[in-house]
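Tertiary structure, described
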Amino acid sequence: MSEKLLTAKEAAEILKVRKNTVYDMIKRGDLKASKLGKQLRIRQGDLEFYIQYGSQAKVYQEGNSEQKNNIEKVEFERNTQNRTEKNVMANPGFGQAGMCDQIIICGQDMVLDLLANRLNQCIGENVFRSYKGSYNALYAMYQGEVNVATAHLWHGKTNSYNIPYISSMLPGTDLVVLHLLKRKQGFYVQKGNPKNIQSFEDLKRSDITIVNREPGSGVRVLIDEKLRQAGIPTQEVNGYQDIVSSHLEAAAAVNRGDADVAVGSEKHSLSVPGIDFLFIQEESYDMVIRKEDFLKKPYQKMIEIIRSSEYQKEVAGLGGYNVENMGKIIYSDLIQ
């Protein structure tokens, strides 16, 4: 086993809390630890689990079946990501959408892992995941690399989500767009907001440093559009070139003090101690399917799952998701 074992002091430094707080977390059962002789050691994976799921980690350990099933299914992300990447590398034809009767669902949100897991149980082990961000997901779909794309791309000129990008990035392609859910996006700031960050205008201040997201992600598009609207050149934003690849990494960077602010979803801010969330706007997270695939049985089964009360309850149970109108068609070339 090569996983790193941490002392209580090392865990406290990562969490930015006192060592005694770590001991209290272990006593309450919030954080798992093992005794090696007279010393306590914490597996790095268990600490990351606590950072990601917060108080849900204790619920998992105590055996609450509903929450436990949710968290176990979220872990599907880690397993299927490795499996998909290995298969793509081993089989040159694997990445071409439609090959081998497979379905590749593209997007970064954990609700897609829950969906892929459920769909695999219904139609066999032919559903895989790709973890490209929104813009890159649409591009991958246009290139025929994935069957289903998801996006949360804000279009500043029309103050709308996704449709302007979808229609321009997939020219000549008949499509169906389903609404999945809504999420709150906002600033991650240190507890108490010591730099008094209120808007994107503050990002041009010399005493403010941000941590950015990768090009192609929905958060990156939101940041760039907001900076453009505010007339702020990116070269005037400290930390603009410092990139992380997930909401959780962004929140952790602010928590550690590596940055003063980042942008991400409210849900992930709740999993990281030591930061506050400042609401910017509610975003729409939507799914794109080719018209030619939409009526095929595996895709109809996928839509049936999305529209089911069981799946919607499961997603809502994770917290931070508005599932109203989940599965509703919001754009379609089937309707002329």
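The coordinates are above.
Just so we're clear, the structure is a prediction, and the values are computed from it rather than from any experiment. (Residues numbered from 1 in each chain as written. Predicted model: local features only at pLDDT ≥ 70, side-chain atom pairs only at ≥ 80, totals over all residues. Heavy atoms only, no water.)

1. A word on the packing of aromatic side chains
One pass over the full model with this rule turns up 2 aromatic pairs. Seen in terms of ring centroids, Phe187 and Phe200 are 4.9 Å apart; in terms of plane orientation they differ by 55 degrees. Their pairing is tilted. In this pair, Phe187 is assigned in strand S9 (residues 175-190) and Phe200 in the loop between S9 and strand S10 (212-213), connecting sequence segments 13 residues apart. Note on Phe187: relative accessible area 3%, which makes it buried. For Phe200, a relative accessible area of 8% translates into the label buried. Seen in terms of ring centroids, Tyr188 and Phe277 are 6.4 Å apart; in terms of plane orientation they differ by 50 degrees. Their pairing is tilted. Taken together, the positions of Tyr188 in strand S9 and Phe277 in strand S13 (residues 275-290) put the pair 89 residues apart, joining distant regions of the chain. Directly above the ring of Tyr131 sits Arg129, whose terminal nitrogen or CZ lies 4.3 Å from the centroid. Here the basic side chain of Arg183 rests over the ring of Tyr285, its NZ or CZ set 4.5 Å away from the ring centre. (Phe/Tyr/Trp six-rings, centres within 6.5 Å; stacked < 30°, edge-to-face > 60°. Helix = DSSP H or I, 4+ residues; strand = E, 2+ residues; numbered from the N terminus. Buried < 20%, exposed > 50% of the residue type's maximum accessible area, 1.4 Å probe, protein only. Lys NZ or Arg CZ within 6 Å of the ring centre and 35° of its normal.)

2. Things to note about the environment of Ser134
Note on placement: Ser134 falls in helix H8 (residues 134-142). Ser134 sits in the buried class, given a relative accessible area of 4%. Residues within four places of Ser134 in sequence aside, it is in contact with Thr150, Ala151, His152, Leu153, Gly216, Ser217 and Gly218. Looking at Ser134, its side chain comes within polar contact range of the main-chain nitrogen of His152, at 3.0 Å. (Contact = heavy atoms within 4.5 Å. Polar contact = N/O pair within 3.5 Å; in protein donor to acceptor, adjacent residues only side chain to side chain.)

3. Side note on the environment of Val263
Tracing the backbone through its elements, the reader meets Val263 in strand S12 (residues 261-265). A relative accessible area of 4% places Val263 in the buried class. Taking the C-alpha atoms as reference, Val263 lies 8.7 Å from Ile210; in sequence the two are 53 residues apart. In contact with Val263, not counting residues within four places along its chain, are Gly186, Phe187, Tyr188, Phe200, Val219, Leu222, Ile223 and Ile280.

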